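Okay, here's what each chain looks like letter by letter:
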Amino acid sequence: MSALEYFNETHQMVRATVRKFVEKEILPHVDDWEEAGEFPRELYGKAAEAGILSINAPEQFGGTGEDVFMKVAACEELVRCSSGGLCASLGSLDIGLPPVWKWGSEAMKEKVIPEVIGGEKISALAITEPNGGSDVANLRTRAVRDGDHYVVNGSKTFITSGVRADYYTVAVRTGDKGYGGISLLLVEKGTPGFTVGRKLKKMGWWASDTAELFFEDCRVPVENLIGPENGGFYCIMSNFQMERLILAVTANSTAQLALDECLRYVKEREAFGRPLAGFQVTRHKLAEMATDIKASTEFTYRVAAKIAAGENCVLDVSMAKNVATRCADRVTYDAVQLFGGSGYMRGTIVERLYRDNRILSIGGGTHEIMNEVIAKQMGL
Amino acid sequence: MKVLVPIKRVVDYNVKVRVKADNTGVDLANVKMAMNPFCEIAVEEAVRLKEKGVVTEIVAVSIGPKTAQEQLRTAMALGADRSILVETDEDVQPLGIAKALKAIVDEEKPELVILGKQAIDGDNNQTGQMLAALTGMPQGTFASEVNVADGKVKVTREIDGGLQTVELTLPAVVTTDLRLNEPRYASLPNIMKAKKKPLDTKTAADLGVDLTPRVTTVSVEAPAERQAGIIVGSVDELVEKLKNEAKVI
Ligand SMILES: Cc1cc2nc3c(=O)[nH]c(=O)nc-3n(C[C@H](O)[C@H](O)[C@H](O)COP(=O)(O)OP(=O)(O)OC[C@H]3O[C@@H](n4cnc5c(N)ncnc54)[C@H](O)[C@@H]3O)c2cc1C
Ligand SMILES: Cc1cc2nc3c(=O)[nH]c(=O)nc-3n(C[C@H](O)[C@H](O)[C@H](O)COP(=O)(O)OP(=O)(O)OC[C@H]3O[C@@H](n4cnc5c(N)ncnc54)[C@H](O)[C@@H]3O)c2cc1C
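Note that the structure is a prediction, hence the values are computed from the model and not measured.

Cut-offs and rules
Residues numbered from 1 in each chain as written. Chains lettered and ligands numbered in written order. Predicted model: local features only at pLDDT ≥ 70, side-chain atom pairs only at ≥ 80, totals over all residues. Helix = DSSP H or I, 4+ residues; strand = E, 2+ residues; numbered from the N terminus. Buried ≥ 20, exposed ≤ 12 C-beta atoms within 10 Å, placed from the backbone. Contact = placed C-beta atoms within 7 Å. Rg over C-alpha atoms; globule rule 2.2 N^0.38 Å. Axes fitted to C-alpha atoms, helices over the stretch in contact; angles between N-to-C directions. Parallel < 35°, antiparallel > 145°, perpendicular 65-115°, else oblique. Left-handed = near helix turned anticlockwise from the far one by under 90°. Nonpolar A, V, L, I, M, F, W, Y, C, P; charged D, E, K, R; others polar. UniProt positions renumbered as here; feature names shortened; annotations may be inferred. Near = placed C-beta within 6 Å. Domains from an automatic or database assignment. Pairing = 2+ DSSP bridges.

Chemist: Help me get a handle on the overall build of chain B, residues and values and all.
Modeler: When helices and strands are counted, chain B shows 7 helices and 11 strands. In terms of principal-axis extent, the alpha carbons of chain B reach across some 65 × 45 × 40 Å. Considering chain B as a whole, with its 249 residues, one finds that 39% of them fall into the buried category. At a minimum sequence separation of 6, the contacts of chain B that also span at least 24 residues come to 69%.

Chemist: Tell me what's going on with the overall build of chain A, and back it up with residues and numbers.
Modeler: Check the secondary structure of chain A and you find 13 helices and 10 strands. For 380 residues, the compact-globule estimate of 2.2 N^0.38 gives 21 Å, and the C-alpha radius of gyration of chain A, at 21 Å, lies within 12% of that figure. Expressed as lengths along the three principal axes of its C-alpha atoms, the size of chain A is roughly 80 × 45 × 40 Å. Counting only residues that meet the buried cut, chain A has 51% of its 380 residues in that class. For chain A, long-range pairs separated by at least 24 residues make up 74% of all intrachain contacts whose partners lie at least 6 apart in sequence.

Chemist: Can you break down the packing of helix α4 (residues 68–79) of chain A against helix α9 (residues 232–268) of chain A residue by residue, with the values?
Modeler: Residues and elements named next belong to chain A. Packing of α4 against α9 brings their axes to within 9 Å, and their N-to-C directions diverge by 40°. Put simply, α4 runs oblique to α9. Seen from above, α4 lies across α9 with right-handed handedness. Residue-level contacts link Lys 71, Val 72, Cys 75, Glu 76 and Val 79 of α4 to Ile 246, Val 249, Thr 250, Ser 253, Thr 254 and Leu 257 of α9. The class makeup of the residues in the contact of α4 with α9 is 6 nonpolar, 3 polar and 2 charged.

Chemist: Which residues make up the UniProt feature "domain: Acyl-CoA dehydrogenase/oxidase C-terminal" (unreviewed entry) in chain A, and what values go with them?
Modeler: Mapped onto the present numbering, the UniProt feature "domain: Acyl-CoA dehydrogenase/oxidase C-terminal" (unreviewed entry) falls at residues 230–378 of chain A. Summarising residues 230–378 of chain A: 74% helix, 3% strand, and an end-to-end C-alpha distance of 28 Å.

Chemist: Just give me the short version of the site of ligand 1, but keep the residues and values in it.
Modeler: Residue and element names in this part refer to chain A. Around ligand 1, the surrounding shell holds 21 residues, and the nearest of these are Ile 127, Gly 133, Ser 134, Thr 366 and Glu 368. Residue assignment for the shell around ligand 1 shows that the elements contributing at least two residues are β1 (123–126), β3 (149–160) and α13 (367–377). For the shell around ligand 1, a count of residues per class yields 10 nonpolar, 8 polar and 3 charged. Looking at which domains feed residues into the shell around ligand 1, each of domain 2 (123–230) and domain 3 (234–377) gives three or more.

Chemist: Tell me what's going on with the domain arrangement of chain A, and back it up with residues and numbers.
Modeler: Residue and element names in this part refer to chain A. Under the domain assignment, chain A is made up of domain 1 (9–117), domain 2 (123–230) and domain 3 (234–377). Here the C-alpha centroids of domain 1 and domain 2 sit 23 Å apart. Taken residue by residue, the interface counts 26 residues in domain 1 and 20 residues in domain 2. Secondary structure elements with two or more residues in the side of domain 1 that touches domain 2: α2 (30–36), α5 (84–90), α6 (93–96), α7 (98–103) and α8 (106–117). Sort the elements by how many residues they give to the side of domain 1 that touches domain 2 and α5 lands first, with 5 residues. Counted by class, the side of domain 1 that touches domain 2 contains 14 nonpolar, 9 polar and 3 charged residues.

Chemist: I'd like a description of the site of ligand 2, backed by residues and values.
Modeler: Near ligand 2 you find 13 residues, and of these Ala 271, Phe 279, Gly 340, Gly 341 and Tyr 344 of chain A are the closest. Each residue belonging to the shell around ligand 2 can be placed in one class, and the counts come to 7 nonpolar, 5 polar and 1 charged.

Chemist: If you had to explain the UniProt feature "domain: Acyl-CoA oxidase/dehydrogenase middle" (unreviewed entry) in chain A to someone new, which residues and values would you point to?
Modeler: In the numbering used here, UniProt assigns the "domain: Acyl-CoA oxidase/dehydrogenase middle" (unreviewed entry) feature to residues 124–218 of chain A. Between the C-alpha atoms that bound residues 124–218 of chain A there is a distance of 18 Å. The span itself is 0% helix and 52% strand.

Chemist: Give me the lowdown on unusual backbone geometry, citing residues and values where you can.
Modeler: Cis rather than trans, the peptide bond between Leu 170 of chain B and Pro 171 of chain B has omega equal to 0°. Assignment of secondary structure puts Pro 171 of chain B in the loop between β9 (162–169) and β10 (172–176). The phi dihedral of Asn 56 of chain A falls on the positive side, at around 80°, and the residue is not glycine. We classify Asn 56 of chain A as buried; it has 21 C-beta atoms within 10 Å. Positive phi, close to 50°, is recorded for Lys 109 of chain B, a residue that is not glycine. With respect to the secondary-structure elements, Lys 109 of chain B resides in the loop between α3 (94–108) and β6 (112–116).

Chemist: Tell me about the pairing of β10 of chain B, and please be specific about residues and values.
Modeler: All names here are of chain B. Most of β10 sits out of view: 5 of its 5 residues are buried. Burial along β10 is two-sided: the face carrying Ala 172, Val 174 and Thr 176 and the face carrying Val 173 and Thr 175 are both buried. Examined bridge by bridge, β6 and β10 share 5 bridges and lie parallel to one another. Note on β10: the bridge partner recorded for Val 113 is Val 173. As defined by bridge partners, strand β7 (residues 139–149) adjoins β10 across 3 bridges and the pair is classed as parallel. Paired with Ala 143 across the strands is Thr 176, a residue of β10.

Chemist: Just give me the short version of the sheet that holds strand β4 (residues 57–64) of chain B, but keep the residues and values in it.
Modeler: Residue and element names in this part refer to chain B. The sheet built from 9 strands is open, its strands ordered β9-β8-β7-β10-β6-β1-β4-β5-β11 with mixed pairing. With partners counted over all chains shown, the strands left at the sheet margins are β9 and β11 (199–203), one partner each. Between one strand axis and the next, the sheet turns by 30° as a mean value, whatever way the strands run. In this fold helix α4 (residues 127–135) packs onto β6, β7 and β10, with an angle of close to 65° to the strand it touches most, β7.

Chemist: Quick rundown of the UniProt feature "domain: Electron transfer flavoprotein alpha/beta-subunit N-terminal" (unreviewed entry) in chain B? Include the residues and the values.
Modeler: Following the UniProt record, one finds the feature "domain: Electron transfer flavoprotein alpha/beta-subunit N-terminal" (unreviewed entry) at residues 23–211 of chain B. The span residues 23–211 of chain B is 32% helix and 31% strand, and its two end C-alpha atoms sit 23 Å from each other.

Chemist: Help me get a handle on the packing of helix α1 (residues 9–26) of chain A against helix α2 (residues 69–78) of chain B, residues and values and all.
Modeler: For the pair α1 of chain A and α2 of chain B, interaxial distance at closest approach is 11 Å and the crossing angle is 55°. As judged from the angle between their axes, α1 of chain A and α2 of chain B are oblique. With respect to the hand of their crossing, α1 of chain A and α2 of chain B are arranged in right-handed fashion. Each of Glu 9, Gln 12 and Met 13 of chain A in α1 of chain A lies in contact with α2 of chain B, whose residues at this interface are Glu 70, Arg 73, Thr 74 and Ala 77 of chain B. Within the contact of α1 of chain A with α2 of chain B, the residues separate by chemical class into 2 nonpolar, 2 polar and 3 charged.

Here it is as structure tokens:
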């Protein structure tokens, strides 16, 4: 492996496996699943069989152990399935499960991790509330201690895998106002007082199940606490680092897929007696798209390498997310443009990418919130 | 029983290759490489035989550059137990490969050698046949079905007229056709396990064989661009054009 390479031989093999998984298990059905607004639950089992859900999970529970670039490689290949929603729901364990393995009790880890990476159970993360998602420190869902239970009241919204999940990693207020009063609780589907609302209809990410969650005097055993009581804010912020990296990777890969679609189309499609690639303006547009993607991807890799080396990357990962999502916004817009009327039609991949991409600068912390983080790190 | 699976590192089948400007060959700089698809089928067949309990050990072997280790690692992630790399920077050709494989067969004494019917780089379709000739083993080429029982292997072959079944006494050489099976992909746990499986490296000198190419490539040309078609008005016109313009009848 050359010193310039981020991906080693094992990562390349994982990449090949995920590519084949996508080609065999997803691509033949993806258009149907998109129109149906969901993919079969069995896909979790199939992904687990290939080992794809076990990346980064601790080895003692059947995971690969932490390996940032293995995750990056797998994510890049999964995005090639062209359904952002499928990636989001199949990947909701990437944000729901790490708090369990990092801060959960041994009993919780032993029960939850094997089931989730084994594809039998689905994990989701529930932070956002109807009153606000950006201002995490002021979330309102309350959990009041009563004997050996917490009594939870409140609601969550926009939760990915919200309909089908079995385990929800839920942010609740156990203490005073502000960030010092927040905790994480593991809530199981079926707990009395916990209900899931209807599946929300969205601009994009059609194949993912996004839902509202309601808690009405919902009694959750105290042993379901993840991490220290009132110490949840730190866990949430720490969890965001990897989520933001993966969102940056997703944005770069979405842009790359859009560009690849364009490169094919401009050679086939003719206007004014020649292929679109025959116009200098088209070639230059594609050159700009490729340049932006390259710059963003290289930056994202650099941040991933720092995370892999254990460095604190709050500043860099926020920048990487903004660079990548802004790049993908431009590229997917231009891709639809290059496809002309076809780019506006359902069934064209760039049409879906354009819609699916839009969430990436909103979820996991908005563009503006990233700028808040960056400005703070700059001492402003 | 032991099975030997020779595999080759070739340009990934998704890559659209380009001919080098000086027409000496295909440009391989920064091109994605992979295991030859027919070899993947050979590995898969060996793994299935092992899963059925027919085979006890699968040895993968490759004759090629140091980087062919990647393909051997993949073979082990798919189920091969160990592997051997005969490392060379020569532009290997079927006869040289067959000689090296014969030397490996002499050492390893497998009861079955399963390999791809051809590699998608040179499309030679010669190595399996040459190996059979050099070792004196019977051969069943272009297999679409393989059954091993009682010291024999029954091979269903895809031939022009349909299917032919031959029965060979082990040890034997089998070459795989596309429809033999659908190869699996390596699961992540198996990729991890493959890292710890043994990979031996040898040289042609160790085996006492000469891998120097015997065939010289004079020139490599890209296929001609396909010309636009025309619609003919009648069968007479078609026949006339086939005769006088295309000169094919
Ligand atoms: C498809 C989808 C899936 C999602 N999945 C999940 C999930 O699995 N789990 C989960 O917990 N959440 C999830 N979310 C929620 C997502 O994280 C939030 O939507 C996001 O954090 C923004 O919160 P909000 O929608 O409440 O917007 P608001 O916080 O109301 O923000 C509205 C606007 O105000 C801006 N703004 C807010 N504060 C400031 C400020 N201080 N300075 C400048 N501008 C500001 C924001 O940038 C934004 O432009 C998902 C959302 C979507 C759409
Ligand atoms: C929802 C919808 C409704 C529509 N309704 C109607 C309707 O009612 N009636 C009707 O007749 N049409 C209608 N159209 C068609 C619309 O007018 C065409 O899609 C549009 O004119 C573009 O043509 P095209 O799709 O063939 O793209 P193309 O002409 O194939 O163009 C593809 C890309 O190449 C670019 N391009 C083309 N030529 C050049 C050049 N010389 N130099 C540089 N770039 C170039 C284009 O700008 C575009 O980015 C509709 C389309 C849609 C999507």
